[in-house]
Amino acid sequence: MSRYSVLLLLVPHLFGASLTIDGAIKQFVEHNYDLQIARHSTQKSRADLITAKERPNPILLGSYEFMDINKHFSNQARGSDAQLTLLLTHPIETAGKRDRRIDMAVHSITFSDLIYDETLREQLITLIDSYYTVLSDQADLANAQENSKAYTNIVTIAKTKLDNGFLSLIDYQKILLQQIDYTKEVENSRLALVQDRETLASMLALSSSDITTTAPIDFSSMIPSLEELLAKTAERPDCKAAKQNLAVADASLNLEKANGVPNVSVGAEYASFGPYYEPLAGFNVSMPLPIYDRNEGDIEKARISTLQASSLYDKTLRMAKADIIQSYEATRSRQNVYKAMSEGFNAAKELKEKQEKIFALKGISVLELLDAQKSYREYQKNMTHALIDLHIATQHLKLNSGLPLTDSKGY
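The paragraphs below set out a description of the structure included in this document. (Residues numbered from 1 in each chain as written. Predicted model: local features only at pLDDT ≥ 70, side-chain atom pairs only at ≥ 80, totals over all residues. Heavy atoms only, no water.)

## Quick word on the overall build of the protein chain
Right, so step 1: When helices and strands are counted, the protein chain shows nine helices and four strands.
Right, so step 2: Here the protein chain holds 411 residues, and 40% of them are scored as buried.
Right, so step 3: Looking at the protein chain alone, contacts between residues at least 24 apart form 84% of all its contacts between residues at least 6 apart.
Right, so step 4: As displayed, the protein chain offers around 23,400 Å² of accessible surface, 56% of which is attributable to carbon and sulfur atoms. (Helix = DSSP H or I, 4+ residues; strand = E, 2+ residues; numbered from the N terminus. Buried < 20%, exposed > 50% of the residue type's maximum accessible area, 1.4 Å probe, protein only. Contact = heavy atoms within 4.5 Å. Areas by Shrake-Rupley, 256 points an atom, 1.4 Å probe, with all protein chains shown as cover.)

See the structure below:
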């Protein structure tokens with residue numbers, strides 16, 4: 001890593017205590033509001049398992065009919081036809097409906113957990129972008145402040161040369177007016193940092209004053225080969241979720257087929273008739289006849305859902321492979337750009353310093369001096385952004401390849 005890269009990683013210490021990317025991820029997983037909402041959704045799926053395990057409630061029916069109110073419910077005349085009835089009925093599920101509901105609920109819980117993992121992966125991509133944007137803003141501001149301070153020295157030298165007749169008033173005014181551009185750059189960098197830091201603070205549920213990013217990533221290690229990354233495509237959370245969705249669809253189809261089989265209700269009856277109200281007992285069985293409604297529509301929809309789930313899995317797998325290839329190529333490209341910028345930056349800095357010395361001691365065209373300053377600042381900004389882009393590309397490659405950035409999932 002070049003000397004400038006090391007300095008860039010130390011820039012955050014100028015702004016206070018640093019927040020590493022690992023610390024940001026931990027804070028994000030534990031406190032981000034969107035993830036908390038997604039986590040509650042996975043917890044709700046567990047309530048479905050409780051419902052799936054429940055059995056139908058028995059039904060108790062009691063009636064007292066044909067009573068003579070005038071007799072105060074105690075009519076014992078021979079012709080009395082008062083009737084007291086108690087009926088207890090219990091539905092019995094057939095075709096293993098309860099077991100199939102439980103099976104579907106268990107698969108749905110696993111599916112929900114995988115959806116959370118995918119939500120976390122997608123949200124982490126957003127976090128990575130926001131985190132390194134703040135790091136880039138910090139570096140831009142530090143560079144702008146340093147460049148402004150250095151240019152103030154040039155203005156001082158120019159004033160001295162003007163006073164001693166070695167610089168024309170017009171050239172001095174050109175140098176002096178250029179200082180506005182440095183002030184503008186400092187202010188623009190400061191504003192960008194304030195705005196982007198607030199965005200990151202909102203994501204982390206922190207005060208923006210507590211956020212100063214740093215980037216302790218070692219780029220000396222080689223990234224895995226593309227073939228190795230593609231071989232693990234199916235382990236990415238969205239691919240695992242799409243595969244689990246197949247199991248949910250199959251379980252739903254089995255449940256709908258079971259729902260097409262009618263349930264049986266069995267009951268025990270107690271009855272007593274006037275005038276003597278002798279106790280009588282009975283037993284009954286009832287079952288709807290599947291003549292018209294056989295649940296065929298829901299069965300067909302469930303069957304089609306299994307076909308959709310299969311196509312969705314193939315699509316998700318293909319898109320995941322495309323993401324990995326794109327991220328891999330982006331990372332390689334960023335590595336090449338960063339390497340080229342690292343090798344040339346020190347030379348550009350030395351050239352700038354030589355031109356400043358020539359201006360101070362011997363003299364150089366003001367236009368050449370200002371052009372050299374502008375070229376150096378552009379190179380410096382490109383160098384900074386090349387390093388930041390490499391950080392982002394590396395992290396995106398890890399996420400798109402299904403490699404975890406942290407061991408914690410916030411459970």
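## A few points about the packing of aromatic side chains
Given two aromatic rings, one states the distance between the centres and the angle between the planes to describe the pair.
Right, so step 1: For the structure on display, the rule yields two aromatic pairs.
Right, so step 2: Where Tyr 131 meets Tyr 132, the ring centres are 5.1 Å apart and the plane angle is 80°; that geometry is what we call edge-to-face.
Right, so step 3: The exposure class of Tyr 131 is buried, given its relative accessible area of 0%.
Right, so step 4: Relative to Tyr 182, the ring of Tyr 151 lies with its centre 4.3 Å away and its plane at 15°, an arrangement referred to as stacked. Separated by 31 residues along the polypeptide, Tyr 151 in helix 4 (residues 97–163) and Tyr 182 in helix 5 (residues 169–204) bring together distant segments of the chain. You'll find Tyr 151 and Tyr 182 in the same group, each marked buried.
Right, so step 5: Sitting over the ring of Tyr 182, Arg 377 keeps its end group 4.1 Å from the ring centre. (Phe/Tyr/Trp six-rings, centres within 6.5 Å; stacked < 30°, edge-to-face > 60°. Lys NZ or Arg CZ within 6 Å of the ring centre and 35° of its normal.)

## So, the side chain of Thr 316
Right, so step 1: When you line up the elements, Thr 316 lands in helix 8 (residues 296–361).
Right, so step 2: According to the relative accessible area criterion, Thr 316 is buried, its value standing at 13%.
Right, so step 3: Setting aside its immediate chain neighbours within four residues, Thr 316 contacts Asp 238, Cys 239 and Ala 242.

## Comments concerning helix 5
Right, so step 1: In this model, helix 5 (36 residues) spans 53 Å end to end at C-alpha, consistent with the 52 Å of a helix rising 1.5 Å per residue.
Right, so step 2: Within helix 5, burial applies to Tyr 172, Ile 175, Tyr 182, Glu 185, Val 186, Ser 189, Leu 193, Arg 197, Leu 200, Ala 201, Met 203 and Leu 204.
Right, so step 3: Where the residues of helix 5 are buried, they touch helix 2 (21–31), helix 4, helix 8 and helix 9 (366–400). (Expected span 1.5 Å × (residues − 1).)

## Describing the sheet that holds strand 1 (residues 59–65)
Right, so step 1: If you walk across this open sheet you meet the four strands as 1-2-3-4, and the pairing is antiparallel. Here the strands that pair on one side only, and so sit at the sheet edges, are strand 1 and strand 4 (280–286). Across the sheet, the axes of successive neighbouring strands diverge by a mean angle of 15°, strand direction being ignored.
Right, so step 2: The pairing of strand 1 with strand 2 (residues 83–92) spans seven bridges and is antiparallel. (Pairing = 2+ DSSP bridges. Axes fitted to C-alpha atoms, helices over the stretch in contact; angles between N-to-C directions.)

## Overview of the nonpolar core
Within soluble globular proteins, side chains that are nonpolar generally end up buried alongside one another.
Right, so step 1: Judged by nonpolar contacts, the single largest core of 28 residues is most densely connected at Phe 28, Leu 124, Leu 127, Tyr 132 and Leu 204.
Right, so step 2: Elements with a contribution of two residues or more to this core: helix 2, helix 3 (33–53), helix 4, helix 5 and helix 9.
Right, so step 3: Per-element tally for this core: the top contributor is helix 4, with twelve residues.
Right, so step 4: Tyr 151, Ile 154, Ile 175 and Leu 369 belong to the second largest nonpolar core, which has twelve residues in total. (Core = buried A, V, L, I, M, F, W, Y, C linked by side-chain atoms within 4.5 Å.)

## Let's talk about the packing of helix 4 against helix 9
Right, so step 1: For the pair helix 4 and helix 9, interaxial distance at closest approach is 10 Å and the crossing angle is 160°. When the axis of helix 4 is compared with that of helix 9, the two are roughly antiparallel. As for how helix 4 packs across helix 9, the hand of that crossing is right-handed.
Right, so step 2: The class makeup of the residues in the contact of helix 4 with helix 9 is 14 nonpolar, eleven polar and five charged. (Parallel < 35°, antiparallel > 145°, perpendicular 65-115°, else oblique. Left-handed = near helix turned anticlockwise from the far one by under 90°. Nonpolar A, V, L, I, M, F, W, Y, C, P; charged D, E, K, R; others polar.)

## Section: the pairing of strand 4
Right, so step 1: Both strand 3 (residues 264–273) and strand 4 contribute to a ladder of seven bridges, which runs antiparallel. When the bridges of strand 4 are listed, Val 266 appears paired with Val 285.
Right, so step 2: From the end of strand 3 to the start of strand 4, which pair antiparallel, there are six residues, and Tyr 277 there has a positive phi angle of about 55°.

## Notes on empty space enclosed by the protein
Right, so step 1: Scanning the model with the defined rule gives one cavity of 30 Å³ or more in all.
Right, so step 2: Here the largest cavity is characterised by a volume of approximately 50 Å³.
Right, so step 3: If you go around the largest cavity, the residues you meet are Asp 140, Asn 143, Ala 144, Asn 147, Glu 185, Arg 377, Gln 380 and Lys 381.
Right, so step 4: Elements with a contribution of two residues or more to the lining of the largest cavity: helix 4 and helix 9. (1 Å grid on protein atoms, 1.4 Å probe; cavity = no way out; pocket = protein on both sides within 12 Å on 5 of 7 lines; lining within 4 Å. Points joined across faces, edges and corners; volume = space filled by probe spheres on them.)

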